[in-house]
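Working through the structure, step by step
Each chain, written out:
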Amino acid sequence: MSGVNYVTKETLELMREELTQLKTKGRAEIARAISEAREKGDLKENAEYDAAKEAQGLHEAKIAVLENAIATARVVEADSIDTSKVSILCKVTITNVANKKTVTYQLVSEQEADLKAGKISVTSPIGKGLLGKQVGEVADVIAPNGKMKFKIDNITV
């Protein structure tokens, strides 16, 4: 992953807390599991040891991803957002041109995305299609199920 990762101040704090937890408690738990598995004998035929080492690798990979996300994070303040066009942290009310269904989404970073809360990632197909559009424009979105058109009804913070 490279490039800038736009997040809110709250999300950056949550990411830092998770990283601290992974580096302290998480690593200690994995070290304990490896130690216990090592005590059970021959490492060549020890499935518990192999599983613990694999878990350690996955854990370290997760730490690396989180460290990169924090390193590339740029905090975006809500009061600095231009609502004349769709950008990150904007709440956008859109209408599907095909079925006339209206929904409101907030465009957020990948880490903050939560469809149930109405937050979609700026890197998702809909998010990418909406970025830079203004009220009244129609966004062509190429989604997995085909091309969709959304009319931008409103942009707020």
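One can find the structure itself at the top, above this paragraph.
Here the structure is a predicted model, which means the values were calculated and not measured.

Before going further, it helps to examine the layout of surface pockets. For the second largest pocket, the calculated volume is near 180 Å³. In terms of lining, the second largest pocket is formed by Thr-11, Leu-14, Met-15, Glu-18, Lys-62, Val-65, Leu-66, Ala-69, Gln-111 and Glu-112. Secondary-structure elements contributing two or more residues to the lining of the second largest pocket are α1 (9–38) and α2 (47–71). Looking at the lining of the second largest pocket residue by residue, the classes come out as 5 nonpolar, 2 polar and 3 charged.

A word on the nonpolar core. Judged by nonpolar contacts, the single largest core of 19 residues is most densely connected at Val-86, Leu-89, Val-92, Ile-94, Leu-107, Leu-130 and Ile-152. Looking at this core, the elements with two or more residues in it are β3 (91–96), β4 (102–108), β6 (138–143) and β7 (146–156). In this structure Leu-107 touches Val-86, Ser-87, Ile-88, Leu-89, Cys-90, Val-92, Ile-120, Val-122, Gly-127, Leu-130 and Leu-131, once residues within four positions along its chain are discounted. If you look at the next biggest cluster of nonpolar residues, it comprises 10 residues, including Val-7, Met-15, Leu-19 and Leu-22.

This next bit is on the environment of Leu-22. Mapped onto the elements of the fold, Leu-22 is located in helix α1. C-alpha of Leu-22 to C-alpha of Gly-3: the two residues are 19 residues apart in sequence and 24 Å apart in space. Beyond its immediate sequence surroundings of up to four residues, Leu-22 is in contact with Arg-27, His-59, Lys-62, Ile-63 and Leu-66.

Definitions and cut-offs
Residues numbered from 1 in each chain as written. Predicted model: local features only at pLDDT ≥ 70, side-chain atom pairs only at ≥ 80, totals over all residues. Heavy atoms only, no water. 1 Å grid on protein atoms, 1.4 Å probe; cavity = no way out; pocket = protein on both sides within 12 Å on 5 of 7 lines; lining within 4 Å. Points joined across faces, edges and corners; volume = space filled by probe spheres on them. Helix = DSSP H or I, 4+ residues; strand = E, 2+ residues; numbered from the N terminus. Nonpolar A, V, L, I, M, F, W, Y, C, P; charged D, E, K, R; others polar. Core = buried A, V, L, I, M, F, W, Y, C linked by side-chain atoms within 4.5 Å. Buried < 20%, exposed > 50% of the residue type's maximum accessible area, 1.4 Å probe, protein only. Contact = heavy atoms within 4.5 Å.

These values are about where atoms sit, not about what they do.
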